[in-house]
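Chain by chain, the residues:
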Amino acid sequence: VIEIKNLYYDYNKPEVQYTSMPELEKLADFLKANPTIMIELSAHTDSRGNPDYNLKLSQARAQNAKDCLILEDISPNRVKAVGYGKNKPIIIDAKTESEHQINRRTEIIILKK
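Because the structure is a prediction, the values reported are computed rather than measured.

Rules and cut-offs
Residues numbered from 1 in each chain as written. Predicted model: local features only at pLDDT ≥ 70, side-chain atom pairs only at ≥ 80, totals over all residues. Heavy atoms only, no water. Phe/Tyr/Trp six-rings, centres within 6.5 Å; stacked < 30°, edge-to-face > 60°. Lys NZ or Arg CZ within 6 Å of the ring centre and 35° of its normal. Helix = DSSP H or I, 4+ residues; strand = E, 2+ residues; numbered from the N terminus. Buried < 20%, exposed > 50% of the residue type's maximum accessible area, 1.4 Å probe, protein only. Lys, Arg positive; Asp, Glu negative; His and termini not counted. Salt bridge = Lys/Arg side-chain N within 4 Å of Asp/Glu carboxyl O. Polar contact = N/O pair within 3.5 Å; in protein donor to acceptor, adjacent residues only side chain to side chain. Contact = heavy atoms within 4.5 Å.

Enquirer: Please provide a residue-by-residue account of the packing of aromatic side chains, values included.
Expert: Going through the model one piece at a time under the given rule, you end up with zero aromatic pairs. Note that Lys88 overlies the ring of Tyr84, its terminal NZ or CZ placed 4.2 Å from the centroid.

Enquirer: Account for the side chain of Lys66, with residues named and values stated.
Expert: Positionally, Lys66 belongs in helix H2 (residues 51-71). Salt bridges are absent for the buried Lys66, whose nearest opposite-charge side chain, Asp67, sits at 6.6 Å. Looking at Lys66, its side chain comes within polar contact range of the main-chain oxygen of Pro76, at 3.3 Å. A polar side-chain atom of Lys66 sits 2.9 Å from the main-chain carbonyl oxygen of Val79. In this structure Lys66 touches Leu41, Pro76, Val79 and Ala81, once residues within four positions along its chain are discounted.

Purely spatial values, then, with no claim about function.
Rendered as structure tokens:
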């Protein structure tokens, strides 16, 4: 599992922050240079809110990141978007906004080389 550093989402929003777009562009460049690799984009939320809502929000975040890659000419068949909600936090008892931000993340899992 590889965490995409500097790929952030605002609280309660599915869209990748504009300032995070260079990270997705780097991922797109990597995928273009390695055309046989297939990945899973695993999106996570912070621990606040309803579990069902967070699952839907994280799925929307993963799909949004996938859509950004598709706009960079990456085949949708190479990217699986999966939302995990708040089920896998990095900081279990997050209290500050910066700690919650760490839990709102997207990770890459290489499914096929």
